[in-house]
Each structure stands twice: as structure tokens, then as C-alpha cells.
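What the coordinates show
Given next are the chains, with one letter for each unit.
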Amino acid sequence: MNLENILNLIYTQAAKRIKTAFENSPLTQSEIYPPDPKQISWIINNNRTKNNRFLICDRVLQATVKNEATGEYKEVGIVPKLEFKNIKETLWGTEQEIWSYLPNLLEAILNELGSDNNYDIDRDLILSDYVPFAKYNTYYKILEFNQYIPAILYGIKEDDVFNNIDLVQKKAFELLFYKCKYEFCEIFLEFTDETTSFHKIDSVFKTNFLEKRFIPMIRKFNPDETSLGIRMKNIIQNDLSDIPKMILNYHQGQSIPNYKKQLISASSKYAVELEKIQVDQYPFLK
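Residues numbered from 1 in each chain as written. Predicted model: local features only at pLDDT ≥ 70, side-chain atom pairs only at ≥ 80, totals over all residues. Heavy atoms only, no water.

Quick word on the overall build of the chain
Tallying secondary structure elements over the chain gives 14 helices and two strands in all. For the chain, the C-alpha radius of gyration of 26 Å lies well beyond 19 Å, the compact-globule estimate for 286 residues. Taken along its principal axes, the extent of the C-alpha atoms in the chain is 100 × 35 × 35 Å. When each of the 286 residues of the chain is scored for burial, the buried share is 46%. Of all intrachain contacts in the chain linking residues separated by at least 6 positions in sequence, the fraction that spans at least 24 positions is 69%. Averaging the positions of the 35 positive and the 39 negative side-chain charges in the chain gives two centres separated by 1 Å. (Helix = DSSP H or I, 4+ residues; strand = E, 2+ residues; numbered from the N terminus. Rg over C-alpha atoms; globule rule 2.2 N^0.38 Å. Buried < 20%, exposed > 50% of the residue type's maximum accessible area, 1.4 Å probe, protein only. Contact = heavy atoms within 4.5 Å. Lys, Arg positive; Asp, Glu negative; His and termini not counted. Charge placed at Lys NZ, Arg CZ, Asp CG, Glu CD.)

Spelled out as C-alpha cells, the structure:
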């Protein structure tokens, strides 16, 4: 699994947090961490090198150094010098900060897991709980598979499908976060409570958060047949996708059974109503 996008988000948040504290402090980089001031520069500029592969080395967080001139020992490092409450706040932020980046973290994680066949996480299925995503994503796949059939024969515009897919995906993530946010936040806070180092954070995050906590949690949000979005997906696949064949048969002189016309009409009306019902259920989706 490639965790780069997920870890980049975590590193960026930490770098911004520490940079803000540094800019609000009268101290120089040398005063914050005398043994190796350039470490501070790398961190606040979110620059990872062979000497700080995981951005923040443990010793830069807090350390005790001896003043060779006086023989006295003093506390140095980001935590004591920039007056962070503790290591957890330095690495992960306050609970309020964590809440602010959880939606982006959820999206980054699900996108990564959805592209990794080892975990059997169907990202599109989870997002299909949102009716417009189910609609446009289903038509998108149908048009990709049947490229010789114009979109207009399905009663839709090709531009609508391709122009709206990113927007409805964003809204689908909003709905997912709304539904799972408390459980997601709880397991992430558990993880940050026990993770006081970025050392080998790639393997730690993969094992102790993704596999141990996140995957079991997100599987609870796989929509079933009662989901409005899954109903939309099924209507399109089982009924509305037949429209081009019916049109072709009609032009070839074959009659369309009356029950089929009624079914298509009823399914089309039901599809429209599904979107209205979900907006009534979740007004923030308007």
C-alpha cells in the first residue's frame, strides 16, 4: 500500500502547526534546538530528507542538553521551547484541530484503500449511499462499457455525467463523514493517544490505525439494499439501462410491451423522488 498521500496530509498539518508556533515565538531555530538547528527549518518547511525521513525526529521534540560552559542541563526542543502542551499536541494537534482535518483524512484514506485490492474495500460502493453519486457513477461506468451507445439514448447528457462526477463525489464524502464522524474521531483519537512519535509512522499507521481500527469501522458503512443510493443504482442497472435497447427495437419495427413502458416511467419518477427524499433527510446536501 502506498501511504504517501495520507502521510503527506499528516506531515503538512504538523509542519503548519509548528511553523505557526515558531513564527509566534521570539526564539531562533538555534535556541529551539541547539544541537541541529536545521532540523527546525526542515520541519517548518515540510522538507523530509535522509536525516528526517519521517519529518520530525524524536530528539527534536524534546531533549536535555548540557551547557559545556556552565555544566548546566536544560530542556530544548519543539515541545518545551514552543510551549506545546505535550508531544501529542505537537504531532497531531488539539482535538479541535484534529476535527478540522478529519474530513480530508477520511477522503485520503478511503481513496487509497479503494485502490488497493488487498483490503477488499469498495470505495464506490460506500460512496454510493449518496444518491447523485450512485446515479452519475453508475451511468459513468455504463457509458465507459458501452462507448458505442450515445448517452442521450439513456435519457441523460454525457456532459452532465462527466462534469458532475467530481462534485457529487465530494458531496458523497460529506455524507459519509456526517454518518461516521463520531466513530472515526474516536478511533483516531485513540490512535493519537498511543502514538507519540513519527518514527516509522508509515508502518505504525498502517498496522495500528488502518488495519486495526479504520477498516473494521468503515465496513460498517457499506450501504445495503435499504440505502437510497443503492436503490438508485439498482434502478439504473435493472430498468433504465434498457432504454437504448427498447429504442433500437422500436426503430426495427418491434413493439414495446406496455408493462415495460410503465416500468420505465415508474422507475424514472422514483429515481427523481429518491434525490428529493435524501435532501429532505440531510438538508446540508442541498
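Anyway, onward from the coordinates.
Re unusual backbone geometry
Here the phi dihedral of Leu55 falls at roughly 70 degrees; this positive angle occurs in a residue that is not glycine. Mapped onto the secondary structure, Leu55 falls in the loop between helix H3 (38-44) and helix H4 (58-61). Although it is not a glycine, Glu83 sits at a positive phi angle of roughly 60 degrees. Mapped onto the secondary structure, Glu83 falls in the loop between helix H5 (78-81) and helix H6 (87-92). Since its relative accessible area comes to 70%, Glu83 is described here as exposed.

Notes on the layout of surface pockets
Looking at the largest pocket, its volume works out to about 220 Å³. For the largest pocket, the lining is made up of 13 residues, of which Lys135, Tyr139, Leu240, Ser268 and Ala271 are closest to its centre. At four residues, helix H14 (residues 258-281) tops the list of elements feeding residues into the lining of the largest pocket. When grouped by side-chain class, the residues that make up the lining of the largest pocket number nine nonpolar, two polar and two charged. Estimates place the volume of the second largest pocket at around 160 Å³. (1 Å grid on protein atoms, 1.4 Å probe; cavity = no way out; pocket = protein on both sides within 12 Å on 5 of 7 lines; lining within 4 Å. Points joined across faces, edges and corners; volume = space filled by probe spheres on them. Nonpolar A, V, L, I, M, F, W, Y, C, P; charged D, E, K, R; others polar.)

Re the pairing of strand S1 (residues 63-66)
Only one face of S1 is covered, namely the face carrying Ala63 and Val65; the face carrying Thr64 and Lys66 is uncovered. Adjacent in sequence and paired antiparallel, S1 and strand S2 (residues 73-76) are bridged by six residues, among which Gly71 carries a positive phi angle near 80 degrees. (Pairing = 2+ DSSP bridges.)

Considering the nonpolar core
In terms of nonpolar packing, the biggest core is built from 94 residues, with Trp92, Ile109, Phe184, Phe188, Phe198, Phe209 and Phe214 touching the most fellow members. Ignoring any residue separated from it by four or fewer positions in sequence, one finds Phe214 in contact with Leu106, Ile109, Leu113, Phe184, Ile187 and Phe209. (Core = buried A, V, L, I, M, F, W, Y, C linked by side-chain atoms within 4.5 Å.)

A short note on the side chain of Ser267
Counting through the fold element by element, Ser267 comes out in helix H14. Overall, the relative accessible area of 6% leaves Ser267 in the buried class. Dropping the residues within four chain positions of it, Ser267 is found in contact with Ile235, Asp239 and Leu240.

With respect to the packing of aromatic side chains
Applying the stated criterion to the full structure yields 20 aromatic pairs. Relative to Phe162, the ring of Tyr140 lies with its centre 5.1 Å away and its plane at 65 degrees, an arrangement referred to as edge-to-face. Here the residue Tyr140 occupies a position in helix H9 (residues 131-145), and Phe162 occupies one in helix H10 (residues 158-194), the gap between them amounting to 22 residues. An aromatic cluster is built from Tyr11, Trp92, Tyr101, Phe184, Phe188, Phe191, Phe198, Phe205, Phe209 and Phe214, whose rings are joined through pairwise contacts. (Phe/Tyr/Trp six-rings, centres within 6.5 Å; stacked < 30°, edge-to-face > 60°.)

Topic: the pairing of S2
Relative to S2, S1 runs antiparallel, the two being bridged by four bridges. Following the sheet pairing, Val65 is matched in S2 by Lys74.

A look at the environment of Val79
The residue Val79 is located in helix H5 in this model. The class for Val79 is buried, based on a relative accessible area of 6%.

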